[in-house]
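Fold and geometry: a report
The residues making up each chain are set out below.
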Amino acid sequence: MKLHELTIAQASGLLKNKEITSVELTRAILDRIEAVDGRVGAYLTVDADGAMAQAKAADQRLADGDAAPLTGIPLGIKDLICTQGLRTTCASKILENFIPPYDATVISRLKNAGAVIVGKLNMDEFAMGSTTEHSGFQVTRNPWNLDRIPGGSSGGSAAAVAADMCLGALGSDTGGSIRQPASHCGVVGIKPTYGRVSRFGLVAFASSLDQIGPLGKTVADCAIMLDAIAGHDPRDSTSVPEPVPTFSAIAENGLSDVVVGIPREYSSAHGLDPQVGAAVERAVKTIESLGARCIEVSLPHTDYAVAAYYVIAPSEASSNLARYDGVKYGFRDRTQTDLLQMYRSTRTQGFGPEVQRRIILGTYALSAGYYDAYYGKASQIRTLIKNDFQTAFASCDAIISPVAPTPAYPIGETLDDPLTMYLSDIFTLSANLAGIPGISVPCGFSDDGLPIGLQIMGRHFNESMLFQIARQFERAATLTDKKPLL
Amino acid sequence: MEFTPVIGLEVHAQLKTRTKIFCSCSTAFGAPPNTHTCPVCLGMPGVLPVLNKKVVDYTIKMALATHCTVQPESRFARKNYFYPDLPKGYQISQYELPIATGGYLDIDVDGRSLRIGITRIHMEEDAGKLIHDPDRPISRVDLNRTGTPLMEIVSEPDIRSPEAAGEYLRRLRAILRYLDISDGNMEEGSFRCDANISIMPDGSTVFGTRAEVKNLNSFKHVEKALYYEIARQKEILLDGGQVVQETRLWQPDKGQTVSMRGKEDAHDYRYFPDPDLLPLVIDDGWVDRMRAQMPELPAQRQARYMADYGLSPADARVLTGSRELSDYFEACLAVFDQPKTVANWIMGDLLGLLNTRGVEIENTPVSPENLAGLLELLDADVISGKIAKTVFEAMAETGRPAKTIVEEKGLVQVSDTSAIDPIVDAVIAGSPDEVERYRGGQKKLMGFFVGQVMKQTRGKANPKVVNEILAKKLG
């Protein structure tokens, strides 16, 4: 087996048994990036020297017998998670040369675990988009079909994992930005419960919805990565001091005690591709065959979720992105001498059209006279959606749905049609509004060979249940051996 | 036609916590620019605020001192606007759900007690400072002050005169200093005030259109600016015009207010709850802990001085007007336990001295121990009242104890009759006319004789003893 094709679990075993070294593994990943990233475009920054140095340090730790599961494992990081001394752009021209003087908490934790940070991955600018076309720098292509989008906004993360350019990656999910690209690229991605993982050092898009999570080749790999990054952080007031179980200790004893809910409203969702619907139905049958009981549940306010989300997220974004004003760091139009003109010109040149669109939307929604009708109403809907899930979870342990209504579509298709792009978030963004965890696990392929993902959502802080169902489904579905041909 | 002013005040007080409100940077004043900063207060990408609990402690204390209700749940909100001294592009403040509401403050104006309602108290972060280059069209940004905790105290429009506004501010400031939560220094900007003012015809209950006046950076300027505004608005109304709702800037050098922006140019701050901070939950236990730490406040001290020391309401108010003065008074009492005497000396000689020299009580050249020491010497008849004044002046010059000064200058009072007798005899012998007139019934000439003896002894003779001897010898 080629080193870059290893899963984290496999590589970790080989490293511990001294059958391979992290230097060899990291070299293999850098070679793989060299070989295929010209076609995929997943990385914005590759830190070859830094990665090799970390690999050497990891080998020392392994030699000292002081290794954690991620020691020596090469990982990629979405480029809106701050890495000390390593350029962090958020795929935006406005932060093109921004080098953070601090690590995000998740990065400190990965470094403490001995992981090797290979580089920074492309995304939709400031995580705004579902295609990774809205990057200020480059388009990332789907490794399964280079004419298709990889999904987004963590498209670079999903594509890099799918194309074996890292063993695992971190992404962030505000409305589906981990799960949807994982689905489109045929990898596993989990958005943890809001508050499970520290947001300190995650450049904010919509603070009440953002959550960092891992993308990996397998369910087990995601669990190993989540083990390393989860847990309360005093630097993030919204991180929750809940006990963190060992997620990688996945229950393997069947699903006979598990009740799975199928939301009635999702089958009639706008734009659901029949092939996706069929793949999800087959997945439900497989899960039933593993012993789970499937019941119908209702999430009556689903129809309002997209509208509420596209008020709340841009509102928060309009405020979160105000700091990119050209004064202290990042891009500034130095030709301007008037303050107001400097602000206008800097932000007009520095932000791409999708980011500008959302800043304008959010600014409008928060304006005097409109606040109650938009932000206020959307917040009320959010409460109703939370209540929907609470009611549903009274009768089931997990909820199953598609991740995206269609497989990955052609690059360029929604560029001039943001509304269609927004509507494609229908199955994922409710989990963000409700703060619950959701995982995407591959469940099939379309007729033209594009991956389709299955979403499993759970109760607050019950990621373990998602790992349990996803892991057993993954084993039964036997889809992980299939690789994109690059 | 006469008008009644209607005034409401918004006060910003810098809280003297050791660290900033949302990060652990120092709040110390006067450091080189941008040295008390970190990624959090600089608003770098991805950083998050963490609330300094001391700020909440302090604000709860202020809420208790002003009879406000501490809200069991309050929220931080973002106030969005662009300015180079505001690195995040928004200020974290409180808006719809402030920490405390519905209190009051009692003040005395011209011997009348007035109750001024307090609408709300909330917490927020301060912005940085811009330093404009006088020679070139550039501005520099200093973010040391960014994130310094502020408490905003908003009054009801209950104030009816500039004097009452001044008194309200002085009282607020006194409370802040008694609580030891703010320096309350207007000139240095740790205590800032904006005023909302309108006028209405006497007897009316319908408020007029108000103007907001900014840049009031001393107590004196607050009263001056309010007088100016009252006159300005009165003139408009008497001319048949209408006051415009606007924000006006006080120009202290010109003694006038000028329009800054009208209602239509008012900022839309697009407030919304800050998603980075959880709702602030304050349980009874927290409030009770703060209540237990409350020091005696000015109103309580004033009542105690009246009840226990028999001071008049006016004297008690003067002495409790600032914590420093009140503490001075009590430090004196700890050595010399005659409250009325101490009060008289503080309000007369000491405040007179400080006033002349233009210094605050904190920098008094006469320490409470020294003043008490002087009063002890006076009380024990070691020195006379007249000599005491001289010694007080010498203490003010040198800062040395009364006893040392008295000993060095030989100012000890002479009560020994054998020393005074010959001087009395000499005075009687040297003033035959006065003696004759005194003996003929002009008893008030006693003062003349005493004066002569005191003059001869350069004030050192004990006046009581002198009187006795004179009375005896003059028959």
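The rules behind each value
- Throughout, residues of each chain are indexed from 1 in the direction in which the sequence is written.
- Written order determines the labels here, with chains lettered from A and ligands numbered from 1.
- In keeping with the model being predicted, local features are shown solely for residues with a pLDDT of at least 70 and side-chain atom pairs are shown and tallied solely at 80 or more, while totals for entire chains, interfaces and linings include all residues.
- Computation of side-chain values covers all heavy atoms of the structure but excludes hydrogens and water.
- Only when DSSP finds a minimum of two bridges between them are two strands counted as paired.
- The helix count covers DSSP runs of H or I at least four residues long, the strand count covers runs of E at least two residues long, and both are numbered beginning at the N terminus.
- Note on definitions: a residue-residue contact is assigned when non-hydrogen atoms from the two residues lie within 4.5 Å.
- Fitted lines through C-alpha atoms serve as axes, helices being fitted only where they are in contact, and the angles separating the N-to-C directions of these axes extend from 0 to 180 degrees.
- Each pair of aromatic rings taken from Phe, Tyr and Trp, with Trp reduced to its six-membered ring, is defined by centres within 6.5 Å and is described as stacked if the planes are under 30 degrees apart, edge-to-face if over 60, and tilted in the remaining cases.
- Each residue gets one of three labels from its accessible area relative to the maximum for its type: buried under 20%, exposed over 50%, partly exposed in between, using a 1.4 Å probe on protein chains only.
- A ring has a charge above it when a Lys NZ or an Arg CZ is no more than 6 Å from the ring centre and no more than 35 degrees off the ring normal.
- Throughout the structure description, domain borders are defined by an automatic or database domain assignment.
- Summed over both partners, the accessible area (1.4 Å probe) lost when two parts come together is defined as the buried area.
- Polar contact is defined as a pair of N or O atoms within 3.5 Å, subject to the rule that within protein one atom must be able to donate a hydrogen and the other to accept it, and that residues adjacent in sequence are counted only when both atoms are side-chain atoms.
- Put simply, a patch holds well-exposed residues, over 30% relative accessible area, that have no salt bridge, with like charges counted together within 9 Å and Val, Leu, Ile, Met, Phe, Trp or Tyr side chains within 5 Å.
- Accessibility throughout is a Shrake-Rupley quantity obtained with a 1.4 Å probe, and a residue counts as covered only by protein chains that appear here.
- Put simply, a salt bridge is a Lys or Arg side-chain nitrogen that is within 4 Å of an Asp or Glu carboxyl oxygen.
- Charged means Asp, Glu, Lys or Arg here, nonpolar means Ala, Val, Leu, Ile, Met, Phe, Trp, Tyr, Cys or Pro, and polar covers whatever is left, Gly included.
- The definition of a nonpolar core used throughout is a set of buried Ala, Val, Leu, Ile, Met, Phe, Trp, Tyr and Cys residues joined through side-chain atoms within 4.5 Å.

To continue, consider the sheet that holds strand β15 (residues 272-273) of chain B. Pairing in this open sheet of 3 strands is antiparallel, and the strands run β5-β4-β15 (chain B) from one edge to the other. Strand pairing shows two members of the sheet lacking a second neighbour, β5 (90-93) and β15 of chain B, which therefore form its edges. This element, helix α9 (residues 305-320) of chain A, spans β4 (77-80), β5 and β15 of chain B of the sheet and lies at about 60° to β4(B).

A separate point is the packing of aromatic side chains. Summed over the entire model, instances satisfying the criterion amount to 30 aromatic pairs over all chains. Taking the centre distance of 6.0 Å and the plane angle of 90° together, the rings of Tyr438(B) and Phe449(B) count as edge-to-face. In this pair, Tyr438(B) is assigned in helix α13 (residues 432-439) and Phe449(B) in helix α14 (residues 446-456), connecting sequence segments 11 residues apart. As far as burial versus exposure is concerned, Tyr438(B) and Phe449(B) are alike and both buried. Lying across the ring of Phe445(A), Lys482(A) places its NZ or CZ 3.9 Å from the centre.

Let us now look at the domain arrangement of chain B. All names here are of chain B. According to the domain assignment, chain B consists of domain 1 (3-290), domain 2 (296-409) and domain 3 (417-474). Between domain 1 and domain 2, the C-alpha centre-to-centre distance is 36 Å. On the domain 2 side, the residues contacting the 9 residues of domain 1 number 14 residues. Here domain 1 meets domain 2 over a buried area of about 1000 Å², counting both sides, of which 50% is carbon and sulfur. If you sort the residues of domain 1 by the area they bury against domain 2, Arg171, Arg177 and Tyr178 come out on top, with a joint share of 66%. Where domain 1 touches domain 2, the interface holds 5 residue pairs in polar contact (both at pLDDT 80 or more). Looking at the side of domain 1 that touches domain 2 element by element, the count peaks at 6 residues for helix α2 (residues 162-179).

This part is about a nonpolar patch on the surface. Residues and elements named next belong to chain A. Together, Tyr364, Tyr370 and Tyr374 make up an exposed nonpolar region whose accessible area comes to about 290 Å². On the secondary structure map, Tyr370 appears in the loop between α11 (353-365) and α12 (372-392). Judged by its relative accessible area of 36%, Tyr370 falls in the partly exposed class.

With 38 residues of chain A at the contact, the number on the chain B side is 31 residues. Of all residues in chain A, the largest losses of buried area upon contact with chain B belong to Ser237(A), Ser319(A) and Arg323(A), amounting jointly to 21% of the total for that side. Where chain A packs against chain B, one counts 1 salt bridge. Note that Asp276(B) and Arg199(A) form a salt bridge whose closest N and O atoms lie 3.1 Å from each other. Considering every element that reaches the side of chain A that touches chain B, the biggest residue donor is α9(A), with 4 residues. Residues belonging to the side of chain A that touches chain B are distributed by class as follows: 20 nonpolar, 10 polar and 8 charged.

Moving on to the nonpolar core. With 156 residues, the main nonpolar core has Leu70(A), Phe126(A), Phe389(A), Leu454(A), Ile456(A) and Phe467(A) as its most contacted residues. Element by element, the count of residues in this core is highest for α9(A), at 9 residues. With sequence-adjacent residues up to four places away left out, Leu454(A) is seen in contact with Val280(A), Ala283(A), Ile287(A), Ile400(A), Ser401(A), Val403(A), Ile439(A), Ser440(A), Val441(A), Cys443(A) and Phe473(A). Of all hydrophobic cores here, the second largest spans 66 residues; its members include Val55(B), Cys68(B), Ala195(B) and Leu280(B).

Turning our attention to unusual backbone geometry. Residue and element names in this part refer to chain A. Cis geometry marks the peptide bond from Gly152 to Ser153; its omega dihedral reads 5°. Inspection of the secondary structure assignment puts Ser153 in the loop between β3 (116-121) and α5 (155-162). Phi angles above zero are rare outside glycine, and Ala91 is one such case at about 55°. Residue position: Ala91 is located in the loop between β2 (74-78) and α4 (105-112).

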